[in-house]
Amino acid sequence: MPSDSALGRKVRELRRSRGMTQKELASAVGVTGAQLHRYETGATRVAASRMIAIAEALGVRPDVLLESAAPEPMPSISTEASTGEDLLELIQLFSAIGDPKNRNAILAVARMMASTNPTGGGNGG
């Protein structure tokens, strides 16, 4: 997942800035060098307790590592390629759906589509 890779990059960046080798950091947190490499590349998800240990070994608060893994904020409507007319039509169509189950289904689809395309850019179709 992108958040695992971002967390790994932050760990690597902090480790290098402190002049530590992977082996030194791995030893400090109780894992193998290979396991730390997997954390840094995002191949393996870091458990919360391990992340706390890594943060302590690097001399930072755990939230410093978490900030790097946080998803990007949703783009604001004003920066989207969608026109106001598109949004107005979408609101009107959605408002015309009377069945709450159908509304929930539309919301679920929209959420799914937004999460698989975090940049907000559609295919323009």
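Note that the coordinates shown come from a computational prediction; the quantities given were computed from them, not determined experimentally.

What is the right way to read a nonpolar patch on the surface from this model?
A cluster of nonpolar side chains, Val109, Met112 and Met113, forms an exposed patch at the surface whose accessible area comes to about 280 Å². Within the secondary structure layout, Val109 lies in helix H7 (residues 100–116). Residue classification places Val109 among the partly exposed residues on the basis of a relative accessible area of 43%.

Sorry if this is basic, but what is going on with helix H2 (residues 22–29) here?
Along an α-helix, a turn takes 3.6 residues, which lines up residues three or four apart on a common side. All buried positions along H2 are accounted for by Leu25, Ala26 and Val29. Take H2 and look down its axis: the buried residues cluster within an arc of 100 degrees, on one side only. Away from the buried face of H2 by more than 90 degrees, exposed residues Lys23, Ser27 and Ala28 are located. Residues of H2 that are buried sit in contact with helix H1 (2–17), helix H3 (33–41) and helix H4 (48–58). Where H2 ends, the next residue or the one after it, Gly30, has phi of about 85 degrees, a positive value.

For this particular structure, what's the right way to read the environment of Ser27?
Relative to the assigned elements, Ser27 resides in helix H2. Spatially, the C-alpha atoms of Ser27 and Ala57 are 9.7 Å apart, while their sequence positions differ by 30 residues.

Quick question: what am I supposed to make of the pattern of salt bridges here?
Between side chains of opposite charge, a pair can form when the charged atoms approach closely. Applying the stated criterion across every chain, the model contains five salt bridges. Here Arg15 and Glu40 are joined by a salt bridge, their closest N and O atoms 2.6 Å apart. You can see Arg15 sitting in helix H1 and its partner Glu40 sitting in helix H3, a full 25 residues away along the chain. We classify Glu40 as buried; its relative accessible area is 1%. Where Asp63 meets Arg61, a salt bridge forms, and the shortest distance between an N and an O atom there is 2.9 Å. With relative accessibility at 54%, the residue Arg61 sits in the exposed group. The structure contains a network of salt bridges with shared partners spanning Arg12, Arg15 and Glu40.

Reading the values: rules and limits
Here the residue index of a chain counts from 1 through its sequence in written order. Since the coordinates come from a predicted model, pLDDT governs what is reported: local features require at least 70, and pairs of side-chain atoms require 80 or more to be given and counted, while whole-chain, interface and lining totals use all residues. In computing side-chain properties, one takes all heavy atoms of the structure into account and sets aside hydrogens as well as water. Nonpolar side chains (Val, Leu, Ile, Met, Phe, Trp, Tyr) are joined into patches within 5 Å and like charges within 9 Å, using only residues with over 30% relative accessible area and no salt bridge. Residue exposure ignores everything except the shown protein chains as possible cover, and the areas themselves are Shrake-Rupley values with a 1.4 Å probe. Counted as salt bridges are all cases of a side-chain nitrogen of Lys or Arg within 4 Å of a carboxyl oxygen of Asp or Glu. Starting at the N terminus, helices and strands are each numbered in turn, a helix being any DSSP run of H or I of at least four residues and a strand any DSSP run of E of at least two. Here the term buried applies to any residue with accessible area under 20% of the maximum for its type, exposed to any over 50%, and partly exposed to those in between, with areas from a 1.4 Å probe on protein chains only. This arc is taken over the directions from the axis of the helix to the C-beta atoms. Note on contacts: a residue pair is in contact if any heavy atoms of the two residues lie within 4.5 Å.

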